[in-house]
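# Breakdown of the fold
The residues making up each chain are set out below.
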Amino acid sequence: MRGFSDHNPAVLTVYFFAVSGIAMFCMHPAVTLISLAGALLLCLLHGGFALKSSLFTLGLFVLLALLNPLFSHSGVTVLFVLNHNPVTLEALIYGVFASCSMLAVLCWFRSFSRLMTRDKLLYVCGRLSPKLALVLSMAMRYVALLGTQAKKITQAQKALGLYREDRLRDHLRVFSILLTWALENGIITADSMAARGYGIGKRTQFAIFRFRRGDVLLLSLSLLCTALTLAGLGALDHSFYPRFTVSVHSPAAVCSLISYGILVLLPVMTEAKEAIRWHCFLSKM
Amino acid sequence: MLMIRNRMLQNVLRWAIPFVLLPALVIAGAVIFGERRHLFISFAAAALSVLLFLAGIERKKTGTRRLVLTAIMTALCIAGRFIPLCKPVTAVIMLTAMYLGSEAGFLTGAMAALLSNFYFGQGPWTAFQMLAWGLIGWIAGAMAEPLKRSRALLLCTGLLAGVLYSMIMDVWTVLWYGEGFDLQLYLAKILASLPHLVLYAVSNFLFLFWLAKPFGEKLERIRIKYGV
C-alpha cells in the first residue's frame, strides 16, 4: 500500500512547487478558490488542524481581507466613506481573494512540511548537491549534539559550584565552553572524515527511496497538469478594478481550470485509490 | 555545479542562468502572470540567485575542516533561533563569515534559514530568508578585514543588517499581498513591523557586542592552531 506521502520525495517536491507556485502567482478568483479547497482538503486528510493555530490563521485571514479597502480606493462601488476616503466593494473583494490565496499557499506549505520529513529533504538535496546535503545533515546532527553537550557542561559546572540559573555570566561561560568544545570536536570529525577518504572520489549516497511505477505516473500527471494549466492561464480573464468581473469563456480557460483542479486533487485521488484497494482486499479475505 | 558533472556544460550554465534563464523567466512571468508579475519576478530572482551562489560553493574545493565548521555554525544559528525575543542568528552568521570567509558565511546563512524553517514554518519566504541571511554573510565575509579591525564598524553593520533584513522581508510581504508594489502599503507594513525591526537591530547589536571578542578569539585560535 502506498499513500501519497510514500511516493518518491523528488516527485513530492515537484508536485508541491507546481501546485503552490500556481496558487501564489495566479490571482484568478477561480484558481484561488480551487487551490484553497484542495489545500484545506489535504490538510484535513493529513492530521487535521490544531485549534489554536487555526484560530490564529483565521484571524490573520480576516485582518488581511479587511486591510486592502483601507489602502486601495480604486473601484466604482462605494460602500461608505471613511475619513474622506471611499471604501469600495472592489477593494474588499480583492482583499478577500488576496488573503484566500495567501491562506492556500500557507496550507500547501504546511502539508508540504508535514509530508517532507527531514530524511526526504536530505535525499532531494543530496541528489542536487552532495556537499550541501552533507552540511545539512551534519548541522542537524550538531543541533542535537550541542544540546546534549550543553547539558553535560552545565552539570559539571553545577558540581563545581560555579553555576547558578539566574546569573547571565554563568550562562555565557557555559556557551563559551560549548563553543570551544564544538570547534575542537569539529576539527576531529573533519580529520576523521579525511582519514576515511572523504573528498577523494565521487560521493555516493544511500537512499531508501526508489523510483517506482507509481512515482513515474504521479510525476508525469503533475507535469502534464501544470503545463496545461500554465498554457491556459493567458486565456483566463478577470479584473478586480474598476469593476469586479470574472469570465471563463474560451475552451483554453476551461481546460486550464480543469487541469488545475485535477492537479490539486491528485493527493486526495491517490489516497482514495489506495483506500478503495484496501477495502477490496479486505472484503476478499 | 549541482548534479552536472560535465565541466563544459557547467560553464555554459554558469553564464546561462544569470544572462539567459533569468531574463527569460522574467519575460515569461510578466506575460503569463499578469498582475502578479512583480511577485513572480522577485521570487524567481531570489531562488535563482540562491541556486547560483550554492552552485558556486558546490564547485569550489572547500577543505573538509571548513565544511564541518560551517555545519557547526549553522547548528548554532538554528539553536539560537529558539532563544525568545533576541535572536543571535545574524550575529553568528556575520562572525562566521568574518573568520571563515564569504562562502562559509553565505552557506551558513542560507542553510540556517532552510533548516530552522522546519521548526518555524516553511513558506515561500524561505527563499527570501535564505537570500537575505546568505547575502549578509557574503558581505560580512567580503569586508572581513575592516570589520575585524574596527569594533564600531562591526556594531554599526550589525544594526544596519537588522534594519535591512526586516525591510527586505517587508518588501516581499507587500508584493505577495498587493497588486504590484504599493508604497503606502509598504510604509504601513514597516510601521507595523517596527517592533520586529528594532528587536532585530538591537539583538544584532547586543550579540555582536557580547560575542564578537570571545567568538573571534576562538575562531582565530582554531584557524591558527589547525590551519583551516
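Residues numbered from 1 in each chain as written. Chains lettered and ligands numbered in written order. Predicted model: local features only at pLDDT ≥ 70, side-chain atom pairs only at ≥ 80, totals over all residues. Heavy atoms only, no water.

## Here's the deal with the packing of helix 2 (residues 37-59) of chain B against helix 8 (residues 151-177) of chain B
Residues and elements named next belong to chain B. Interaxial distance between helix 2 and helix 8 falls to 8 Å at its minimum, and their mutual angle equals 140 degrees. One way to sum up the angle between helix 2 and helix 8 is to call them oblique. For the element pair helix 2 and helix 8, the recorded crossing hand is left-handed. For the pair helix 2 and helix 8, the contacting residues are H38, L39, S42 and F43 in the first and W172, L175 and W176 in the second. (Axes fitted to C-alpha atoms, helices over the stretch in contact; angles between N-to-C directions. Helix = DSSP H or I, 4+ residues; strand = E, 2+ residues; numbered from the N terminus. Parallel < 35°, antiparallel > 145°, perpendicular 65-115°, else oblique. Left-handed = near helix turned anticlockwise from the far one by under 90°. Contact = heavy atoms within 4.5 Å.)

## With respect to the packing of aromatic side chains
Under the defined criterion, the tally for this structure stands at 26 aromatic pairs over all chains. Judged by centre distance (6.4 Å) and plane angle (70 degrees), the ring pair of F4 of chain A and F16 of chain A falls under edge-to-face. Within this pair, whereas F4 of chain A is found in the segment before helix 1 (9-25), its partner F16 of chain A is found in helix 1, the two being separated by twelve residues in sequence. Each member of the pair, F4 of chain A as well as F16 of chain A, carries the same accessibility label: buried. Ring geometry for F53 of chain B and W138 of chain B: centres 4.8 Å apart, planes at 65 degrees, overall edge-to-face. Here F53 of chain B is found in helix 2, whereas its partner W138 of chain B is found in helix 6 (residues 125-142), with 85 residues between them in sequence. Note on F53 of chain B: relative accessible area 22%, which makes it partly exposed. Joined through ring pairs, the aromatic side chains of F4, Y15, F16, F17, W108, F109 and F112 of chain A make up one cluster. A cation sits over an aromatic face here: R141 of chain A above Y142 of chain A, 5.3 Å from the ring centre. A cation over a ring is seen here: R151 of chain B above F209 of chain B, with NZ or CZ 4.8 Å from the ring centre. (Phe/Tyr/Trp six-rings, centres within 6.5 Å; stacked < 30°, edge-to-face > 60°. Buried < 20%, exposed > 50% of the residue type's maximum accessible area, 1.4 Å probe, protein only. Lys NZ or Arg CZ within 6 Å of the ring centre and 35° of its normal.)

## Focus: the interface of chain B and chain A
With 57 residues of chain B at the contact, the number on the chain A side is 58 residues. Inspection of the chain B/chain A interface yields three salt bridges. For the pair chain B and chain A, the interface holds eight residue pairs in polar contact (both at pLDDT 80 or more). Where the side of chain B that touches chain A is concerned, the elements lending two or more residues are helix 2, helix 3 (64-80), helix 5 (102-120), helix 8, helix 9 (183-192) and helix 10 (194-226) of chain B. Considering each element in turn, the side of chain B that touches chain A owes the most residues, twelve residues, to helix 3 of chain B. The residue inventory of the side of chain B that touches chain A, partitioned by class, reads 38 nonpolar, seven polar and twelve charged. (Salt bridge = Lys/Arg side-chain N within 4 Å of Asp/Glu carboxyl O. Polar contact = N/O pair within 3.5 Å; in protein donor to acceptor, adjacent residues only side chain to side chain. Nonpolar A, V, L, I, M, F, W, Y, C, P; charged D, E, K, R; others polar.)

## A short note on the domain arrangement of chain B
Residues and elements named next belong to chain B. For chain B, the domain assignment lists domain 1 (1-61) and domain 2 (63-226). Centre-to-centre, using C-alpha coordinates, domain 1 lies 23 Å away from domain 2. Contact with domain 1, which involves 14 residues of that partner, is made by 18 residues of domain 2. Taken together, the two surfaces of domain 1 and domain 2 that pack against each other cover about 1500 Å², and 79% of this comes from carbon and sulfur. There are zero salt bridges connecting domain 1 and domain 2. Between the two partners, domain 1 and domain 2, sit zero residue pairs in polar contact (both at pLDDT 80 or more). (Domains from an automatic or database assignment. Buried area = accessible area lost by both parts, 1.4 Å probe.)

## Describing the packing of helix 5 of chain B against helix 6 of chain B
Residue and element names in this part refer to chain B. Following both chains from N to C, one finds helix 5 and helix 6 inclined at 155 degrees, their axes separated by 7 Å at the closest point. Classified by the angle between their axes, helix 5 and helix 6 sit roughly antiparallel to one another. Relative to helix 6, helix 5 is oriented so that their crossing is right-handed. On helix 6, the residues that touch S102, E103, G105, F106, G109, A110, A113, L114 and N117 of helix 5 are W125, T126, Q129, M130, W133, G134, L135, G137, W138, G141 and A142. When its residues are assigned to classes, the contact of helix 5 with helix 6 shows ten nonpolar, nine polar and one charged.

## What to know about the nonpolar core
The biggest cluster of nonpolar side chains holds 131 residues, and the ones touching the most others in it are F16 of chain A together with F215 of chain B. Here this core takes twelve residues from helix 4 (residues 89-115) of chain A, the largest share from any one element. Built from parts of two domains, this core gets at least three residues from each of domain 1 (1-61) and domain 2 (63-226) of chain B. (Core = buried A, V, L, I, M, F, W, Y, C linked by side-chain atoms within 4.5 Å.)

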